[in-house]
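Listed below, chain by chain, are the residues.
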Protein chains: 2
Amino acid sequence: MTVGCTIGQLAKAVGVNIQTVRYYERRRLLGPSARRPSGYRIYGEDEEQRLRFIKNAQALGFTLQEIAELFKLSVTSTARCGDVQRRAQAKLTHVEAKVRDLQALARALRSLIRDCRAGQPTDRCPILKSLQASVTRTSRSAQRQK
Amino acid sequence: MTVGCTIGQLAKAVGVNIQTVRYYERRRLLGPSARRPSGYRIYGEDEEQRLRFIKNAQALGFTLQEIAELFKLSVTSTARCGDVQRRAQAKLTHVEAKVRDLQALARALRSLIRDCRAGQPTDRCPILKSLQASVTRTSRSAQRQK
DNA sequence: CTTGACTCAGTACCGTGGTACAGGGTGTAG
DNA sequence: CTACACCCTGTACCACGGTACTGAGTCAAG
């Protein structure tokens with residue numbers, strides 16, 4: 001079982017560019033389990049899993065740097081699950097804040113679109129007039145037009 | 001009022017590197033309202049407002065490219081309000097999609113964190129185990145779009 | 001044995017979003 | 001008038017996450 005596959009087979013199995021696999025190797029994220037005498041990389045089940053891990057973690061918003069740290073945690077025997085949990089929590093907090101901000105922006109856009117009477121020249125368009133102020137809620141002072 | 005400030009004063013006021021302001025100028029995002037005879041850039045309230053807008057929009061996950069498009073809405077004098085409305089709607093759709101992606105991401109992170117018993121060694125950590133399995137049942141494009 | 005697909009190492013290049021010089025000119029306070 | 005901080009243009013460089021190209025070697029089918 002698990003005779004081992006080439007880099008091309010691995011890449012295809014996970015849906016990744018071959019160059020990307022080699023790039024991850026340079027980043028010390030994923031190496032072949034062995035090499036053939038010819039130098040060909042050999043990958044097994046573990047490596048495929050690891051590659052999927054990388055892709056999944058990326059989809060969750062982790063950078064390659066952070067993923068490398070996650071790997072370091074799972075290798076270090078002294079590390080506890082709590083370390084991983086904390087990192088995930090930090091990432092979650094960041095994501096939640098981003099969601100709130102985007103929802104505020106969406107609300108602003110929706111109300112602007114609702115107020116807009118199509119057909120007027122842009123210099124009377126209520127969307128444009130309030131575009132800057134709506135997002136820049138930090139500075140209250142400038143409401144004048146140019 | 002609005003005597004106009006130099007690039008250094010503008011940068012400091014908004015908390016941005018001077019080089020960054022000039023970079024935005026190259027990207028046609030933000031130009032000085034005028035120049036002194038010596039060539040010194042002069043910025044007013046509007047420009048400061050615009051710079052804050054850029055920073056806020058960036059914090060919301062918009063690329064400089066997208067921010068430029070937002071600005072184009074307010075610059076095109078031939079455009080009609082309906083035009084603007086349509087593009088704002090497109091932007092809103094984009095924002096809403098992003099919100100959904102991030103919410104899915106947050107849900108995934110939350111469920112991972114919830115399942116995690118903080119005292120366990122990392123080789124039993126459910127977060128790490130889940131990352132190895134398939135977490136990808138939700139969005140593909142949480143981070144990298146465009 | 002040949003052919004074609006695959007792999008190797010090394011290097012260059014891409015877009016994004018900046019940041020850092022270099023070698024000048026300018027503005028102003030003392 | 002002289003410092004000294006600031007500004008100018010231009011170009012180079014950085015990290016990130018890849019992607020592409022080159023020229024050579026390898027593998028398996030026919």
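Residues numbered from 1 in each chain as written. Chains lettered and ligands numbered in written order. Predicted model: local features only at pLDDT ≥ 70, side-chain atom pairs only at ≥ 80, totals over all residues. Heavy atoms only, no water.

## Considering the confidence of the model for chain A
No. 1: In the predicted model, chain A carries a mean pLDDT of 77, and the fraction of residues at 70 or more is 73%.
No. 2: Looking across chain A, the model is least confident in helix 6 (residues 126-135) of chain A, with a mean pLDDT of 47, and most confident in strand 2 (residues 41-42) of chain A, with 97. (pLDDT = per-residue confidence, 0-100. Helix = DSSP H or I, 4+ residues; strand = E, 2+ residues; numbered from the N terminus.)

## Re the protein's contact with DNA strand C
No. 1: Taken together, 23 residues lie around DNA strand C, and Thr6(A), Arg22(A), Arg41(A), Tyr40(B) and Gln58(B) are the ones closest in.
No. 2: One nitrogen or oxygen atom from the side chain of Tyr40(B) is found 2.6 Å from a base nitrogen belonging to DNA strand C.
No. 3: Elements represented by at least two residues in the surface near DNA strand C include exactly helix 1 (7-14) and helix 2 (18-26) of chain A together with helix 2 (18-26) and helix 3 (45-59) of chain B.
No. 4: When its residues are assigned to classes, the surface near DNA strand C shows 7 nonpolar, 9 polar and 7 charged. (Near = heavy atom within 4 Å. Polar contact = N/O pair within 3.5 Å; in protein donor to acceptor, adjacent residues only side chain to side chain. Nonpolar A, V, L, I, M, F, W, Y, C, P; charged D, E, K, R; others polar.)

## Some points on the protein's contact with DNA strand D
No. 1: The environment of DNA strand D is made up of 23 residues, and the closest members are Thr20(A), Gln58(A), Thr6(B), Arg22(B) and Arg41(B).
No. 2: At 2.5 Å, a side-chain N or O of Arg41(B) approaches a phosphate oxygen of DNA strand D.
No. 3: For the surface near DNA strand D, the secondary structure elements donating two or more residues are helix 2 and helix 3 (45-59) of chain A together with helix 1 (7-14) and helix 2 of chain B.
No. 4: Here the surface near DNA strand D takes 5 residues from helix 2 of chain A, the largest share from any one element.
No. 5: Class assignment for the residues of the surface near DNA strand D results in 7 nonpolar, 9 polar and 7 charged.

## Considerations on the environment of Leu64(B)
Residues and elements named next belong to chain B.
No. 1: Along the polypeptide, Leu 64 turns up in helix 4 (residues 64-75).
No. 2: Leu 64 gets classed as buried once you look at its relative accessible area, which sits at 11%.
No. 3: Leu 64 sits 35 residues away from Leu 29 along the chain, and the two C-alpha atoms are 8.0 Å apart.
No. 4: When neighbours within four sequence positions are excluded, Leu 64 is seen to be in contact with Tyr 23, Tyr 24, Arg 27, Leu 29, Ile 54 and Gln 58. (Buried < 20%, exposed > 50% of the residue type's maximum accessible area, 1.4 Å probe, protein only. Contact = heavy atoms within 4.5 Å.)

## A look at the packing of aromatic side chains
No. 1: Taken as a whole, this structure holds 4 aromatic pairs over all chains when the rule is applied.
No. 2: Seen from their ring centres, Tyr23(B) and Tyr24(B) are 6.1 Å apart, and the 45° between their planes marks the pair as tilted.
No. 3: Between the aromatic rings of Phe53(B) and Phe71(B), the centroid separation amounts to 5.1 Å while the plane-to-plane angle is 40°, which identifies the pairing as tilted. Taken together, the positions of Phe53(B) in helix 3 and Phe71(B) in helix 4 put the pair 18 residues apart, joining distant regions of the chain.
No. 4: According to the relative accessible area criterion, Phe71(B) is buried, its value standing at 3%.
No. 5: For Arg50(A), the ring lying beneath its charged end belongs to Phe71(A), and the centroid distance is 3.8 Å.
No. 6: Across the ring face of Phe62(A), the terminal group of Lys91(A) is positioned such that the distance to the ring centre comes to 5.6 Å. (Phe/Tyr/Trp six-rings, centres within 6.5 Å; stacked < 30°, edge-to-face > 60°. Lys NZ or Arg CZ within 6 Å of the ring centre and 35° of its normal.)

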